[in-house]
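# What the coordinates show
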Amino acid sequence: MIVECISVGTEILLGDILNTNVQYLSRLCAEVGLDVFHTSVVGDNVERLKQALQLACSRSDAVILTGGLGSTDDDITKRVVIDFLHQGTQVSTYNKSTIETWFDNEKARKDNEIVYTFPKGSTILKNHVGTASGAVIPFNQGEKQGYIVILPGPPKEMIPMVEKELRPILYKWSDSVTESLVVRFGILGEYRINEILKEEIVNGINPTIAPYVKEDGALIRITAKAPTDIEAKERIEKAYLQVEKKLGKYIVAVGEESRSEVLVRILKERKEHVSTAESITGGLVASTIIEAPGASNVLEESFVVYSDRAKHTILGVPNNKLEKHTAVSQSVCRSMLKGLHEKTKSDLCIATTGYAGPEGEDVGLCYVGIRYHGKKRVFQHDLHGDRNHIRNRAKNLAVDYAIMMMKGELWEE
């Protein structure tokens, strides 16, 4: 079954609010095995909404509209749907009694008449938070049959309504289930992942493999559709084994577990501790580790050694080495690792140094050092982007390298 989502509201087009409804609904449809091929946003304009609704009904089996269910002049969705369907109207006694409870004068009740008026044949989706209920309305436009679903726009009203009232209906519409698996990769960017997995990505139909880049790095999402969840998971497992064969060394997290959660989990399982010495990242690595539950059990100490003096006084980096090689060098990064381990005795030590910019010839040059159980590696990277992008990328590399070192994928030079 094909579903299309239309978000109604000029405030969305103007960027005044973020359209999280379509994200939520698209994920839900994928979860229950329904296909979403199109989504759109329409302002509070009757003619444009009619056109969007006509197009959506012509190419989809169900159209879900969010927003515009109130009683003010800019709440046009239900009025447009009633006019579009030409099926007549019905009164929801549940909503009428709610309006009568909320408003104590006849004019206010009359002004809110649209709130309890629905297209004939509607299945009412009760709103347990506000006054505007939603509805599922079957339609028959010539040879085309399907459903129109209207939902309130505010997520605090829409989400409870969907979970309590609409979700069971969506399951009845579906003859399959959709499962997804997220695989996160260390070090590699989206382009390189796409290059290595090009055959699987291009030829993948069921399951599909799609690469993404998020704030903490690159990943792929493997998505499969099947009559049962067991079959869908079997398809995902088969695709994952193909991915693992090509990129297993770089896999740092599988499933919904974040990179920082993986790092903390491994350290907890091994009863080990981590410490950081950060220059270019300025505490971002430690902050990322702290985001994960259980960080208090594994994070020993963290030092922001931004200046040469701090590197020398806190970590014991020799002044002559700083003068000869500069703070942004492999030699100094190695000394930072050495000093950090001598000071903390942590099982895992992470050090970062580099030029974040925005000015200078070497902007983007950075070094990430990892020491784990006596094994040491210092990695050089030339990063691109603005100052904070470079810093965030350096932080991601530090976490990725640490996980890969603990997994035994990286060894001492």
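Below is a summary of the structure that appears in this document. (Residues numbered from 1 in each chain as written. Predicted model: local features only at pLDDT ≥ 70, side-chain atom pairs only at ≥ 80, totals over all residues. Heavy atoms only, no water.)

Turning next to the state of the cysteines. Here a disulfide denotes a covalent bond joining the sulfur atom of one cysteine to the sulfur atom of another. Using the criterion set out here, one finds zero disulfides in the structure. Take C57: it sits in no disulfide, and the sulfur closest to it among the cysteines is that of C5, at 13 Å. There is no disulfide at C366, and the cysteine sulfur nearest it, in C333, is 8.9 Å away. (Disulfide = S-S within 2.5 Å.)

Going through the model one piece at a time under the given rule, you end up with two aromatic pairs. On the basis of an interplanar angle of 25° and a centroid distance of 4.6 Å, the ring pair of Y147 and W173 is categorised as stacked. One end of the pair, Y147, is in strand 8 (residues 144-151); the other, W173, is in helix 7 (residues 155-173), with 26 residues separating them in the sequence. The class of W173 is buried, set by a relative accessible area of 16%. (Phe/Tyr/Trp six-rings, centres within 6.5 Å; stacked < 30°, edge-to-face > 60°. Helix = DSSP H or I, 4+ residues; strand = E, 2+ residues; numbered from the N terminus. Buried < 20%, exposed > 50% of the residue type's maximum accessible area, 1.4 Å probe, protein only.)

This part is about the side chain of S122. Its place among the elements puts S122 in the loop between strand 5 (117-119) and strand 6 (123-125). Overall, the relative accessible area of 11% leaves S122 in the buried class. In this structure the side chain of S122 is engaged in a polar contact, spanning 2.5 Å, whose partner is the backbone oxygen of P119. Aside from chain neighbours lying at most four places away, what touches S122 is Q90, A135, V136 and I137. (Polar contact = N/O pair within 3.5 Å; in protein donor to acceptor, adjacent residues only side chain to side chain. Contact = heavy atoms within 4.5 Å.)

Across the sheet, which stays open at both edges, the four strands sit in the order 10-11-9-12 with antiparallel pairing between neighbours. A single partner strand is all that each edge strand has here, and the edge strands are strand 10 (208-214) and strand 12 (251-254). When the angles between neighbouring strand axes are averaged without regard to direction, this sheet yields 25°. As defined by bridge partners, strand 9 (residues 177-185) adjoins strand 12 across three bridges and the pair is classed as antiparallel. Directly across from R184, in strand 12, lies its bridge partner A253. (Pairing = 2+ DSSP bridges. Axes fitted to C-alpha atoms, helices over the stretch in contact; angles between N-to-C directions.)

So, on to the pattern of salt bridges. Scanning the entire structure with this criterion turns up 13 salt bridges. Across the salt bridge formed by D61 and K144, the nearest N and O atoms sit 3.6 Å from each other. With a gap of 83 residues between them, D61 in the loop between helix 3 (46-59) and strand 3 (62-66) and K144 in strand 8 connect regions that are remote in the sequence. Judged by its relative accessible area of 25%, D61 is partly exposed. What you see here is one network of salt bridges that share partners, running through E31, E163 and R167. (Salt bridge = Lys/Arg side-chain N within 4 Å of Asp/Glu carboxyl O.)

On to the sheet that holds strand 3. One open sheet holds the six strands; their spatial order is 2-1-3-8-7-6, and the pairing between them is mixed. The open sheet has two edge strands, strand 2 (35-42) and strand 6, and neither has a second partner. Here the average twist between neighbouring strands, direction ignored, is 20°. In this sheet, strand 3 lies alongside strand 1 (residues 2-8) in parallel orientation, the contact comprising five bridges. Bridging across to strand 3, I6 finds its partner in L65.

Note: strand 16 (residues 365-372) against strand 17 (residues 375-382), eight bridges, orientation antiparallel. Paired with G369 across the bridge in strand 17 is V378. Counted along the chain from strand 16 to the antiparallel partner strand 17, the turn is two residues long, and its residue H373 has a positive phi close to 50°.

So, about the pairing of strand 11 (residues 217-226). Among the 10 residues of strand 11, seven are classified as buried, and the element is accordingly described as predominantly covered. Direction of pairing for strand 9 relative to strand 11: antiparallel, over a ladder of eight bridges. Directly across from R184, in strand 11, lies its bridge partner L219. Pairing of strand 10 with strand 11, which is carried by seven bridges, proceeds in the antiparallel orientation. Bridged to T208 within strand 11 is T223. Between the end of strand 10 and the start of strand 11, which pair antiparallel, lie two residues.

Take helix 3 next. Taking 1.5 Å of rise per residue, the 14 residues of helix 3 would be expected to cover 20 Å, and the 20 Å separating its terminal C-alpha atoms lies within 8% of that figure. When we look at burial in helix 3, the residues that qualify are L49, A52, L53, A56 and C57. Buried residues of helix 3, viewed axially, fall in a sector of 130°; they line one side. In helix 3, the exposed positions angled more than 90 degrees off the buried face are occupied by R48 and Q51. The distance from a side-chain oxygen at the start of helix 3 to the backbone nitrogen of E47 is 3.2 Å, and the residue carrying that oxygen is N45. (Expected span 1.5 Å × (residues − 1). Arc of directions from axis to C-beta.)

So, on to the nonpolar core. Among the nonpolar cores identified, the biggest contains 36 residues, and L263, L348, I350, I370 and Y401 are the most heavily contacted of them. Of all the secondary structure elements, the ones that give two or more residues to this core are strand 12, helix 11 (259-269), helix 12 (284-291), strand 15 (348-354), strand 16 and helix 16 (387-406). Sorting elements by how many residues they give to this core places helix 16 first, with 11 residues. Discounting residues that sit within four places of it in the chain, Y401 has contacts with I187, V368, I370, F379, H381 and L410. (Core = buried A, V, L, I, M, F, W, Y, C linked by side-chain atoms within 4.5 Å.)

Honestly, it's all geometry; don't read function into it.
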